Amino acid sequence: MLEAAVPTLAFTVLFVSTKDLRLAVAVSVAVAVALLVVRLLHRSTVQFVLNSLVGIGIGALFAWRAAKGGGDANDQALAYFLPGMIYNAGYAVLMVTSTLVRWPLVGFMVGSVAGDPTEWHRDSQVVRLCRNLTLMLALPCVVRVLVQLPLYLAGKAAEDAGPMVAALGVSKIAMGWPLQIAALAGMAWLLARNATPVEPEPETA
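Analysis parameters
Residues numbered from 1 in each chain as written. Predicted model: local features only at pLDDT ≥ 70, side-chain atom pairs only at ≥ 80, totals over all residues. Heavy atoms only, no water. Helix = DSSP H or I, 4+ residues; strand = E, 2+ residues; numbered from the N terminus. Expected span 1.5 Å × (residues − 1). Buried < 20%, exposed > 50% of the residue type's maximum accessible area, 1.4 Å probe, protein only. Arc of directions from axis to C-beta. Contact = heavy atoms within 4.5 Å. Disulfide = S-S within 2.5 Å. Axes fitted to C-alpha atoms, helices over the stretch in contact; angles between N-to-C directions. Parallel < 35°, antiparallel > 145°, perpendicular 65-115°, else oblique. Left-handed = near helix turned anticlockwise from the far one by under 90°. Nonpolar A, V, L, I, M, F, W, Y, C, P; charged D, E, K, R; others polar.

Named according to an unreviewed UniProt entry, the protein chain is DUF3159 domain-containing protein originating from Nocardioides panacis.

In structure tokens:
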């Protein structure tokens, strides 16, 4: 959670205080690289730091394209947050659509563990459970878009987008891993609330 939050926090604080997009991106990347070095020295997983670096890199690319298109510092900073909103919107649409066609994506995760990707679909109770789990997994993405998109549009319409950039930075941190962990806890609650509806194998003599 810290590895995902600290680079974003560094970017937000620096941009709001200096309006220098290059400095904000450079420092946030430097922070992520420093965290990566610490991970390597401790010989622990670098997955989350790399995820953070990839996210920063894609955001910086969008900001650079906004600059090339003649956008000012505010436009560039808002563009930095755009890829995350696109990702969350796409992920939510994919998840919800899979439930509407009655092939919820969580079912394929269950199938991959069970050794048969589609066997689960023969049991309507399992399909229903996987639908609920898939919707629970999609919920954080829906919430992020519902909160962040109005902030983004308000920033585009405002003369000074600084407050909206700050709000986007805070929402990105607050709605990152904390919201994801809450969704996973909700999924665990759904599983614990009722026994997983799988027919028992017949007893053999």
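On we go.
Undergrad: It is not clear to me how helix α8 (residues 177-193) should be interpreted in this structure. Could you clarify?
TA: For an α-helix the count is 3.6 residues per turn, leaving residues at separations of three or four pointing the same way. Its 17 residues place the ends of α8 24 Å apart at the C-alpha level, agreeing with the 24 Å of an ideal helix rising 1.5 Å per residue. Taken together, the buried positions of α8 are occupied by Gln180, Ala183, Gly186, Met187 and Leu190. Along the axis of α8, the buried positions cluster into a sector of 115°, meaning they face one direction only. Away from its buried face, by an angle of more than 90 degrees, α8 presents the exposed residues Trp189, Ala192 and Arg193. Its buried side turned inward, α8 meets α6 (124-157).

Undergrad: Explanation requested: the state of the cysteines in the structure shown.
TA: One covalent bond between the sulfur atoms of two cysteine residues makes up a disulfide. Using the criterion set out here, one finds zero disulfides in the structure. A disulfide-free cysteine, Cys141 has its sulfur positioned 18 Å from the sulfur of Cys130, the nearest such atom.

Undergrad: Help me out: how do you make sense of the packing of helix α2 (residues 21-41) against helix α3 (residues 47-68) in this one?
TA: Each pair of packed helices can be described by the angle between their axes along with the distance between the axes. Closest axis-to-axis distance for the α2/α3 pair is 9 Å, and the angle between their directions is 165°. With respect to each other, α2 and α3 are oriented roughly antiparallel. Here α2 and α3 pass one another in a crossing that is left-handed. On α3, the residues touching Leu21, Val25, Ser28, Val29, Ala32, Val33, Leu35, Leu36 and Arg39 of α2 are Val49, Leu50, Ser52, Leu53, Ile56, Ala60 and Ala63. Its residues placed into classes, the contact of α2 with α3 shows 13 nonpolar, two polar and one charged.

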